[in-house]
Amino acid sequence: MSIYEEVEFEDLDYDPIKRIYTYPCPCGDKFSISLEELWDGEDIATCPSCTLRIEIIYDEEDLPPLPDNDDDEGEENGESVTGEDERGDADDELAATTQKILTVQ
């Protein structure tokens, strides 16, 4: 397997929402590798638009921690992960707004 370039971990861009690291590819697209793949020991990022690959130079201690999957499991089961206090506050705000609307009319 041919490597286009070796890239230092610090030179990658990170999307914390998608948990994906990217680096510009000469073809105009971006090489990408997920945080989970890096934690699994993968060090090759691929470009989806061409055949180029880069090798990521990193130490595991440089990686941010993987998020706990406990929150994801609740959402997958259709359960809300919002805390009781947050739901109570939202219910109170809804009740107050409804009262204001009814009072105005």
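Heads up: these notes are all about the structure in this document. A quick note: this is a predicted structure, and the numbers were derived from the prediction, not measured.

## Some details on the overall build of the protein
1) Next: On a plain count of helices and strands, the protein comes out with three helices and six strands.
2) Next: Secondary structure of the protein in N-to-C order comes out as β-β-β-β-α-β-β-α-α.
3) Next: Among the 105 residues that make up the protein, the fraction classed as buried is 19%.
4) Next: Residue pairs in contact within the protein that sit at least 24 positions apart in sequence constitute 38% of those at least 6 positions apart.
5) Next: For the protein, the exposed area adds up to about 7,900 Å²; of that, 45% sits on carbon and sulfur atoms.

## Some thoughts on the packing of aromatic side chains
What characterises a pair of aromatic rings is the spacing of the ring centres plus the angle enclosed by the ring planes.
1) Next: Inspection of every chain in the model, using the stated rule, returns four aromatic pairs.
2) Next: Each ring, one from Phe9 and one from Tyr21, has its centre 5.0 Å from the other, and the planes form 50°; the classification is tilted. With Phe9 in the loop between strand 1 (5-8) and strand 2 (13-15) and Tyr21 in strand 3 (residues 20-24), this residue pair connects regions lying twelve residues apart in the sequence.
3) Next: A relative accessible area of 9% places Phe9 in the buried class.

## So, the environment of Glu10
1) Next: Counting through the fold element by element, Glu10 comes out in the loop between strand 1 and strand 2.
2) Next: Separated by 52 residues in the primary sequence, Glu10 and Asp62 place their C-alpha atoms 8.8 Å from one another.

## Things to note about unusual backbone geometry
1) Next: Located in the positive-phi region is Arg19, a residue other than glycine, with phi close to 55°.
2) Next: Position of Arg19 relative to the elements: it lies in the loop between strand 2 and strand 3.
3) Next: Looking at Arg19, the relative accessible area reads 32%, which means it is partly exposed.

## Re the side chain of Ser34
1) Next: For Ser34, the location among the structural elements is in strand 4 (residues 30-34).
2) Next: Here Ser34 is in contact with Arg19 and Ile20, once residues within four sequence places are set aside.

Scoring rules and cut-offs
- Residues numbered from 1 in each chain as written.
- Predicted model: local features only at pLDDT ≥ 70, side-chain atom pairs only at ≥ 80, totals over all residues.
- Heavy atoms only, no water.
- Helix = DSSP H or I, 4+ residues; strand = E, 2+ residues; numbered from the N terminus.
- Buried < 20%, exposed > 50% of the residue type's maximum accessible area, 1.4 Å probe, protein only.
- Contact = heavy atoms within 4.5 Å.
- Areas by Shrake-Rupley, 256 points an atom, 1.4 Å probe, with all protein chains shown as cover.
- Phe/Tyr/Trp six-rings, centres within 6.5 Å; stacked < 30°, edge-to-face > 60°.

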